[in-house]
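Residue-level structural notes
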Amino acid sequence: AAAAAAAATTTVSAAVATAAAAATTAAAVAAAGSRAEGDGSIERMMRRRLGCCPARLASALLGLSPGMAPSLWGWLTADGLSRNGESIPLVYLYGKDDSKYAQIGERLRRETGALVVASGGGHAVLVEDSATVAAQISNLATSIVSVRSSVSATGAALPVSALPVSAPSVRSAEPASGLVLSSFRVLRRSLPLRAPLSLARGTVLQRRESAVLLLTASRAGKTRANRQRPVAISCGSGGAEAAAGGLGVCVRGVAEACPLPGFHRETIEEAASALEAAATELLHSPESLSWPAANATPAELHCWPLLSNSAASLKLPPSARLALQLAAAHLLAENDRISGVAACALPFTCALRRMLTPVEEGESGRLREGESGRVRQLAGAVRSHISLNALLLQPSTPTVTTAATAVTAVAAATAATAAAAPRKGGSPHLPLVTPAIQLPLASSSGGVLVTHVLSLWRRGYRSFKLKIGKGSPTFEAARVNEARRALRGLPICLRLDANRQWSLVEALLFFGELEFPESIEYVEELLSTPEDLPELFFKTGLRFALDETLADALGGGETEAVRALGAGEAGSPSLPPATCAALALLARADASCGLAAYVLKPALLGGLGACAALRARAQRAGAVLVLSAAFESGVALAHLALLAEALAPAASESSGGGSCEPSFHGLNTFDALAADLLSPPFAVLVDGAHVPLGACEQALRDYAESAAAADA
């Protein structure tokens, strides 16, 4: 099947892979018999396998199946599990009812001395006896660490690679020194859209305009006091890795400002001009560029990396402020990575987690004494990826189509996309939402919305965000019912977003028409009067999320608003009434009155200080944080993916009050773009419904180097 898939077209490959997944799942079920009937583990495995992306299943068959892997028996027979006088620990687990792998285990034990463990179940050991697997992994890691510790104490060579006993710190107590900001560039970029895009506030976009900030620093080991006038330094790709210790080399950080017309107050010209002024001030500042203090308040973080009394900082619009902060953080994280100071596999993500992790605060809002160690410990606990929710746009005008028209539209869109956007390796990049098709409601016999939702579920999406509000409450309720019926019985999260379209009376009418109100995780800003959202919850049980309210409170970028939010205040006399009203709602809304989530657009909120304040507030209010994009390029999306994990609860923190895991984020707007700044594009980095963070960090690193080379 794998060989046939390799030679066939993408469609045939997908069909073969799906059939193979079904066959292997059926075999596992047959082998398991009645063992898993009680806990449903085999059923969950079946749903997971059949929900995978078919093209990726074909790739797995081709590259990961045991028959395609080289044999290691000769290597093992030659020297066993000993190399250079050192023993290689090996634990082999198999299901006691899996005769083939039981024989392999016995041969391993006999010829190599490996520890062979017979666990419960059959072939699907990870599913059927996960507790034994987890225990054996833990025991192996513990024994390795114990051996390492005892050998290290005697001064002998370590027999195995060092493993961290606890979560590593983002950086040592002393940051890497000698970082000198030497130059910057603000690069204007313009990307075409696949089709004109109509936004909720009436704006129609043809292209996305952005300003990319590229910061360059030299690790010359000298201070600004004895430095001459800064000059640009030319570094080739990979130059940062060439010199011992990283001294005398260049480090780069990059970020993007991409204000969305109709949503941001600033234009792209204003954002680019503000970046020029802020970067110039940073370049000539008497202070060296360094991380913010571990006990920085949200208001202090809001001003970083500029001084609090900086003229440029006071004039920075939200999108430019976030770009400046992320470029500076990227630069410093790269500096720590090159210096060997960052003891983390994802140095940039860990650095952002350290900056944004809330801790117990004293009256001043600062860390209590001794809490900095806890910050570093939490910062090491980052996940390898984030998950996306699927965005289902609403039609430009409320229409009803037939099933035949719907199927024809999907087929035409899929064919056009496959022809226009080939991916690396020849597989087409199929967009989550083709802007040319706004997913109209079809008849009950089937339609484009149902077809599209089911295709997304099969690709691995488990959270769906449906845009509503342009039609009447009755019409929109019918769309929601249609989407939910398509996924009936499947474990999903359904989120709705109305962009403040309705009154409380209209919202109650909408609720009365819903067939499955209990299946809705939350409704995002359903009312034109957000202060009535708690009342809507008490009358209907519909939990709500805040989006525009956050922008009302923080979108102007005022430091005082960030300070008030960080302190839990309901407003300030120096702030506008609209800002105070939004802050008052944030101060009183929590899980007990229906609050489920904050939906963050960091570039609209004004930077990392606002994000840190909202993270702390969400933890107290029992809300989850969901990051949302605004049709930016892959540069901004990669940053947002890292921010999403940095803001997520660490393993030792509460996951909030939502019913679903807090890691479904709205970053799949990349499908609206016909091109990307990243190469390969961000869409290629996305693995089904997941975004691997290591790939994002590498993509930013590569883009910074390529942008510097192209601008030289």
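Residues numbered from 1 in each chain as written. Predicted model: local features only at pLDDT ≥ 70, side-chain atom pairs only at ≥ 80, totals over all residues. Heavy atoms only, no water.

**Quick word on the overall build of the protein chain**
- Check the secondary structure of the protein chain and you find 27 helices and 19 strands.
- Here the protein chain holds 712 residues, and the buried ones make up 53% of them. (Helix = DSSP H or I, 4+ residues; strand = E, 2+ residues; numbered from the N terminus. Buried < 20%, exposed > 50% of the residue type's maximum accessible area, 1.4 Å probe, protein only.)

**Let's talk about the pairing of strand 17 (residues 624-627)**
- The side-chain alternation of strand 17 yields two buried faces, one formed by Val624 and Val626 and the other by Leu625 and Leu627.
- For strand 16 (residues 595-600) and strand 17, the ladder comprises four bridges, and the chain directions are parallel. Residue pairing in the sheet places Ala597 in a bridge with Val624 of strand 17. (Pairing = 2+ DSSP bridges.)

**As for the environment of Arg354**
- Counting through the fold element by element, Arg354 comes out in helix 13 (residues 347-356).
- Along the backbone, Arg354 and Ala646 are 292 residues apart, and their C-alpha atoms lie at a distance of 7.9 Å.

**What about the packing of helix 13 against helix 25 (residues 634-647)?**
- Between helix 13 and helix 25, whose axes approach to 8 Å, the crossing angle comes to 50°. Of the possible angle classes, the one that applies to helix 13 and helix 25 is oblique. For the pair helix 13 and helix 25, the crossing hand works out as right-handed. Contact with helix 13, carried on its side by Phe348, Thr349, Leu352, Arg353 and Leu356, involves His639, Leu642, Leu643, Glu645, Ala646 and Leu647 of helix 25 and no other residues of that element.
- Across the contact of helix 13 with helix 25, the residue classes break down as seven nonpolar, two polar and two charged. (Axes fitted to C-alpha atoms, helices over the stretch in contact; angles between N-to-C directions. Parallel < 35°, antiparallel > 145°, perpendicular 65-115°, else oblique. Left-handed = near helix turned anticlockwise from the far one by under 90°. Contact = heavy atoms within 4.5 Å. Nonpolar A, V, L, I, M, F, W, Y, C, P; charged D, E, K, R; others polar.)

**A closer look at the confidence of the model for the protein chain**
- For the protein chain, the mean per-residue pLDDT works out to 76, and 71% of the residues sit at or above 70.
- Per-residue pLDDT, averaged within each element of the protein chain, yields its smallest value for helix 1 (residues 2-7) (36) and its largest for helix 25 (97).
- Scored below 50 in pLDDT, residues 359-379 shows 38 contacts in the model against residues more than four places distant or in partner chains. (pLDDT = per-residue confidence, 0-100.)

**Quick notes on unusual backbone geometry**
- For the bond from Trp304 to Pro305, the omega torsion is 10°, close enough to zero to count as cis.
- Inspection of the secondary structure puts Pro305 in the loop between helix 10 (298-303) and helix 11 (311-314).
- Of note, the amide linkage connecting Ser679 to Pro680 takes the cis form, showing an omega dihedral of 0°.
- Within the fold, Pro680 resides in the loop between strand 18 (664-665) and helix 26 (682-685).
- Although it is not a glycine, Arg500 sits at a positive phi angle of roughly 60°.
- Examined against the element boundaries, Arg500 turns out to sit in the loop between strand 13 (493-497) and helix 18 (504-513).
- Of the residues examined, Arg500 reaches a relative accessible area of 22% and is grouped as partly exposed.

**Quick notes on the state of the cysteines**
- Taken as a whole, this structure holds one disulfide when the rule is applied.
- Here Cys344 pairs with Cys350 through a disulfide, and the sulfurs are 2.0 Å apart. Take Cys344 and Cys350: they sit in the same class, and that class is buried. (Disulfide = S-S within 2.5 Å.)

**Notes on the sheet that holds strand 8 (residues 385-388)**
- Pairing in this open sheet of three strands is mixed, and the strands run 18-8-19 from one edge to the other. Two strands lie at the open edges of the sheet, namely strand 18 and strand 19 (690-692), each paired on one side alone.
- The sheet contact formed by strand 8 and strand 19 spans three bridges and is antiparallel. Note on strand 19: the bridge partner recorded for His385 is Pro692.

**Describing a nonpolar patch on the surface**
- On the surface, a nonpolar cluster with roughly 300 Å² of combined accessible area is contributed by Leu72, Trp75 and Ile88.
- Within the secondary structure layout, Ile88 lies in the loop between strand 2 (86-87) and strand 3 (91-95).
- On the basis of relative accessibility, which here comes to 34%, the residue Ile88 falls in the partly exposed class. (Patch = residues over 30% accessible without salt bridge, like charges linked within 9 Å, V, L, I, M, F, W, Y side chains within 5 Å. Areas by Shrake-Rupley, 256 points an atom, 1.4 Å probe, with all protein chains shown as cover. Salt bridge = Lys/Arg side-chain N within 4 Å of Asp/Glu carboxyl O.)

**Observations concerning the sheet that holds strand 9 (residues 390-392)**
- The seven strands lie next to each other as 9-12-13-14-15-16-17, forming an open sheet whose pairing is parallel. A single partner strand is all that each edge strand has here, and the edge strands are strand 9 and strand 17. On average, adjacent strands in this sheet sit at an angle of 25° to one another, irrespective of strand direction.
- Relative to strand 13, strand 12 (residues 463-467) is paired through five bridges, and the arrangement is parallel. Looking at strand 13, one finds that Phe464 is bridged to Leu494.

**Looking at the packing of aromatic side chains**
- Taken as a whole and judged by the stated rule, the model has four aromatic pairs.
- Taking NZ or CZ as reference, Arg107 lies 3.7 Å from the ring centre of Trp73, over its face.
- Arg462 extends its terminal NZ or CZ atom over the ring of Trp457, reaching a point 4.1 Å from the ring centre. (Phe/Tyr/Trp six-rings, centres within 6.5 Å; stacked < 30°, edge-to-face > 60°. Lys NZ or Arg CZ within 6 Å of the ring centre and 35° of its normal.)

**Topic: helix 6 (residues 99-112)**
- The first and last C-alpha atoms of helix 6 sit 20 Å apart over 14 residues, in line with the 20 Å expected at 1.5 Å per residue.
- Restricting attention to buried positions, one finds in helix 6 the residues Ala102, Gly105, Leu108 and Thr112. The arc that holds the buried residues of helix 6, viewed along the axis, is 130°, so those residues lie on one side. Those residues of helix 6 that are exposed and angled more than 90 degrees off the buried face are Ser99, Lys100, Gln103 and Arg110.
- The elements touched by buried residues of helix 6 are helix 5 (73-79), strand 3 and strand 4 (115-119).
- Gly113, located one to two residues past helix 6, shows a positive phi value of around 80°. (Expected span 1.5 Å × (residues − 1). Arc of directions from axis to C-beta.)

**Comments concerning the pairing of strand 12**
- With respect to burial, strand 12 is a largely interior element, five of its five residues being buried.
- The alternating pattern of strand 12 places Ser463, Lys465 and Lys467 and Phe464 and Leu466 on opposite faces, both of which are buried.
- Examined bridge by bridge, strand 9 and strand 12 share three bridges and lie parallel to one another. By the bridge assignment, Leu392 is partnered in strand 12 with Leu466.

**Concerning the nonpolar core**
- If you look at the biggest cluster of nonpolar residues, it comprises 157 residues, and the most contacted ones within it are Leu356, Phe464, Tyr598, Leu600 and Phe682.
- At 12 residues, the largest contribution of residues to this core is made by helix 12 (residues 318-339). (Core = buried A, V, L, I, M, F, W, Y, C linked by side-chain atoms within 4.5 Å.)

**Details of the side chain of Glu525**
- Looking at where Glu525 falls in the secondary structure, it is placed in the loop between strand 14 (520-524) and helix 19 (533-540).
- Given a relative accessible area of 0%, Glu525 falls into the buried group.
- A polar contact of 3.2 Å, which involves the side chain of Glu525, links it to the backbone nitrogen of Glu548.
- Ignoring anything within four residues of it in the chain, the contact list for Glu525 reads Ala498, Asn499, Arg500, Pro530, Leu533, Ala545, Leu546, Asp547, Glu548 and Thr549. (Polar contact = N/O pair within 3.5 Å; in protein donor to acceptor, adjacent residues only side chain to side chain.)

**Regarding the packing of helix 21 (residues 559-566) against helix 22 (residues 577-588)**
- Direction vectors running N to C along helix 21 and helix 22 enclose 20°, while the axes themselves pass 10 Å from each other. The pairing of helix 21 with helix 22 is recorded here as roughly parallel in orientation. With respect to the hand of their crossing, helix 21 and helix 22 are arranged in right-handed fashion. Facing Ala561, Ala564 and Leu565 of helix 21, the residues of helix 22 in contact are Thr579, Leu583 and Leu586.
- Here the contact of helix 21 with helix 22 is built from residues that sort into five nonpolar, one polar and no charged.

**Here's the deal with the pattern of salt bridges**
- Applying the stated criterion across every chain yields a total of 23 salt bridges.
- Here Arg107 makes a salt bridge to Glu111, at a shortest N to O gap of 3.1 Å. Taken together, the residues Arg107 and Glu111, both in helix 6 and four residues apart, mark about one turn of the helix.
- Residue classification places Arg107 among the partly exposed positions, given a relative accessible area of 31%.
- Within this structure, Glu334, Arg337, Glu697 and Arg701 form a network of salt bridges that share partners.

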